Amino acid sequence: MEMMGTLQDRVKSTSFSVGLLVAKIFTGLYLGLTFALIGLELVQYGWFSFILLMVVTLVALLRIMRSWSWSHVLIFNLICVLIGISLRMYIQIAPG
């Protein structure tokens, strides 16, 4: 009976860790894609640089978010969304 409880706890913690890693990877890829698209429009570089910038951003963010919990990742995503909405509103309202 104790073995089943231990197994259930291990499965729960493993699925929690895998879910957190997937959330971090999704966040890193999304920000990497955003930065790569901005660089593509500004500098007009090729696909290799596009993919390289995405991967470098992903690895850097994974390194930064190494010790973050779910709440830290969700707050970071919320801040990124709010900054994106503010920039979009600025672009739409800005003259010219």
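So, here is what we can say about the structure in this document. For clarity, every value in this text was computed on a predicted model and none was experimentally measured. (Residues numbered from 1 in each chain as written. Predicted model: local features only at pLDDT ≥ 70, side-chain atom pairs only at ≥ 80, totals over all residues. Heavy atoms only, no water.)

Structural notes on the environment of G19
- By secondary structure assignment, the location of G19 is in helix 1 (residues 2-43).
- Exposure remark for G19: the relative accessible area of 26% places this residue in the partly exposed category.
- Along the sequence, G19 and W70 sit 51 residues apart, while their C-alpha atoms lie 9.3 Å from each other. (Helix = DSSP H or I, 4+ residues; strand = E, 2+ residues; numbered from the N terminus. Buried < 20%, exposed > 50% of the residue type's maximum accessible area, 1.4 Å probe, protein only.)

So, the environment of T27
- By the element assignment, T27 lies in helix 1.
- Under the relative-accessibility criterion, T27 is labelled buried at 4%.
- Separated by 35 residues in sequence, T27 and L62 have C-alpha atoms that sit 9.1 Å apart.
- The residues touching T27, leaving out its near neighbours within four places in the chain, are L61, M65, V73, F76 and N77. (Contact = heavy atoms within 4.5 Å.)

A look at the nonpolar core
- If you look at the biggest cluster of nonpolar residues, it comprises six residues: L20, A23, L31, L61, M65 and V73.
- Looking at this core element by element, the count peaks at three residues for helix 1.
- The residues contacting M65, other than those within four sequence positions of it, are K24, T27 and V73. (Core = buried A, V, L, I, M, F, W, Y, C linked by side-chain atoms within 4.5 Å.)

Let's talk about unusual backbone geometry
- At Q44, a residue that is not glycine, the phi angle is positive and equals roughly 60°.
- With respect to the helices, strands and loops of the structure, Q44 is situated in the loop between helix 1 and helix 2 (47-64).
- On the basis of relative accessible area, Q44 is assigned to the exposed category, the value being 57%.

As for the layout of surface pockets
- Taken as a whole, the largest pocket spans an internal volume of roughly 480 Å³.
- If you go around the largest pocket, you meet 13 residues; those closest to its centre are Y30, L31, T34, C80 and G84.
- Put simply, the parts of the chain that give the lining of the largest pocket at least two residues each are helix 1 and helix 3 (70-93).
- The greatest single-element share of the lining of the largest pocket, amounting to seven residues, is contributed by helix 1. (1 Å grid on protein atoms, 1.4 Å probe; cavity = no way out; pocket = protein on both sides within 12 Å on 5 of 7 lines; lining within 4 Å. Points joined across faces, edges and corners; volume = space filled by probe spheres on them.)

Considering the packing of helix 1 against helix 3
- As a packed pair, helix 1 and helix 3 sit with axes 10 Å apart at the nearest point and diverge in direction by 20°. Classified by the interaxial angle, the pair formed by helix 1 and helix 3 is roughly parallel. Considering only the axes of helix 1 and helix 3, their crossing is left-handed. Contacts between helix 1 and helix 3 involve F16, G19, L20, A23, K24, T27 and L31 on the former and, on the latter, W70, V73, F76, N77 and C80.
- A breakdown of the residues in the contact of helix 1 with helix 3 according to their chemical character gives eight nonpolar, three polar and one charged. (Axes fitted to C-alpha atoms, helices over the stretch in contact; angles between N-to-C directions. Parallel < 35°, antiparallel > 145°, perpendicular 65-115°, else oblique. Left-handed = near helix turned anticlockwise from the far one by under 90°. Nonpolar A, V, L, I, M, F, W, Y, C, P; charged D, E, K, R; others polar.)

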